[in-house]
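A closer look at the structure
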Amino acid sequence: NSNTGTFYLDPITIDTTSTQSSAIGMEWLLDDRWMAGFELYKMNHDWKSSTGITGEMNSSLVVFSGKHLFMRGPLRPYIGAGLGLIYVDFNTGDSFDTEQGVGGHLGAGILFNFGRLAAYAEARYIDIISIGFSGFNFSGSGIYGGVRFQF
């Protein structure tokens, strides 16, 4: 997956194009058209201050989400949204700072069903707002893909 966007924390600029991210989650099919679940994200970004100091920002995000499936059959388009909490660790190698925030996402995708196995592709917009002292605001978009197992 990939993320793009801009993050500003005076005097720090986060390069979201350098993101490495991964996610794992669980979803429950509530009926034939609705799914609910949670996801755990891990994201890494490089940052640089206006004075030339560089570092890494590590974020962990827990999101509770829902999806609406539109059609039955092997190809199932959907839309989804979620809300969650984020924990951010800023690291320069010599020092670090932590922040908390709230976030949400909106997305759309398609689910390719193969019995108990499925693949998906999805585009998402993510917005995260600090609830700590720094007042950061991070937003960006991402393209995700993965495999689902039903048991």
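In this text, all values refer to a predicted model and were calculated from it rather than measured experimentally. (Residues numbered from 1 in each chain as written. Predicted model: local features only at pLDDT ≥ 70, side-chain atom pairs only at ≥ 80, totals over all residues. Heavy atoms only, no water.)

**Topic: the nonpolar core**
Looking at soluble globular proteins, one finds that nonpolar side chains tend to be buried together. Counting 13 residues, the largest nonpolar core has Leu61, Ile86 and Ile128 as the members making the most contacts within it. Mapped onto this core, the elements with two or more residues apiece are strand S3 (34-49), strand S4 (54-69), strand S5 (75-91), strand S7 (117-130) and strand S8 (137-149). Listed in part, the five residues of the second largest apolar core include Met35, Tyr78, Leu111 and Ala118. (Core = buried A, V, L, I, M, F, W, Y, C linked by side-chain atoms within 4.5 Å. Buried < 20%, exposed > 50% of the residue type's maximum accessible area, 1.4 Å probe, protein only. Helix = DSSP H or I, 4+ residues; strand = E, 2+ residues; numbered from the N terminus.)

**Some thoughts on the environment of Ala81**
With respect to the element layout, Ala81 can be found in strand S5. Residues Ala81 and Lys67 lie 14 residues apart in sequence; the distance between their C-alpha atoms is 6.7 Å.

**Digging into the packing of aromatic side chains**
One pass over the full model with this rule turns up three aromatic pairs. Ring plane angle 50° and centroid distance 6.5 Å describe the contact between Phe38 and Phe64, whose orientation is recorded as tilted. Of this pair, Phe38 sits in strand S3 while Phe64 is found in strand S4, placing the two residues 26 residues apart along the sequence. Taking relative accessible area as the criterion, Phe64 reaches 55% and is therefore assigned exposed. Here the aromatic residues Trp28, Phe38 and Phe64 are joined through ring pairs into a cluster of three or more. The positively charged end of Lys67 is found above the aromatic ring belonging to Tyr120, 5.7 Å away from the centroid. A cation over an aromatic ring shows up here: Arg124 above the ring of Tyr144, its NZ or CZ 5.7 Å from the ring centre. (Phe/Tyr/Trp six-rings, centres within 6.5 Å; stacked < 30°, edge-to-face > 60°. Lys NZ or Arg CZ within 6 Å of the ring centre and 35° of its normal.)

**Focus: the pairing of S5**
One ladder, built from 14 bridges, connects S4 with S5; its direction is antiparallel. For Ser65, the partnering residue across the bridge sits in S5 and is Gly82. Hairpin connection from S4 to S5: five residues lie between these consecutive antiparallel strands, with Gly73 at a positive phi of about 115°. (Pairing = 2+ DSSP bridges.)

**With respect to the confidence of the model for the protein chain**
In this model, the protein chain carries a mean pLDDT of 80, and residues with pLDDT of at least 70 account for 79%. No element of the protein chain has a lower mean pLDDT than strand S1 (residues 2-9), at 43, and none a higher one than S5, at 90. This model gives residues 1-10 a pLDDT under 50, and the stretch forms 40 contacts once residues within four places in sequence are excluded. (pLDDT = per-residue confidence, 0-100. Contact = heavy atoms within 4.5 Å.)

**Overview of the pairing of S3**
Pairing of S3 with S4, which is carried by 15 bridges, proceeds in the antiparallel orientation. Bridge pairing in S4 links Trp47 to Gly55.

**Here we look at a nonpolar patch on the surface**
Taken together, the side chains of Met26, Trp28, Leu30, Trp34 and Phe151 define a hydrophobic patch exposed on the protein surface, amounting to about 650 Å² of accessible area. Here Phe151 is to be found in the segment after S8. (Patch = residues over 30% accessible without salt bridge, like charges linked within 9 Å, V, L, I, M, F, W, Y side chains within 5 Å. Areas by Shrake-Rupley, 256 points an atom, 1.4 Å probe, with all protein chains shown as cover. Salt bridge = Lys/Arg side-chain N within 4 Å of Asp/Glu carboxyl O.)

**Quick notes on the side chain of Arg124**
With respect to the helices, strands and loops of the structure, Arg124 is situated in strand S7. Once residues lying within four places of it in the same chain are set aside, the contact partners of Arg124 are Glu39, Tyr41, Lys67, His105, Leu106, Gly107, Gly140, Ser141, Gly142 and Tyr144.

**A look at the pattern of salt bridges**
Enumeration over the complete set of coordinates arrives at seven salt bridges. Put simply, Arg72 and Asp32 hold a salt bridge, and the shortest N to O gap is 2.1 Å. Taken together, the residues Arg72 in the loop between S4 and S5 and Asp32 in the loop between strand S2 (12-29) and S3 connect sequence positions 40 residues apart. Classification of Asp32 as partly exposed rests on a relative accessible area of 30%. Across the salt bridge formed by Arg76 and Asp32, the nearest N and O atoms sit 3.7 Å from each other.

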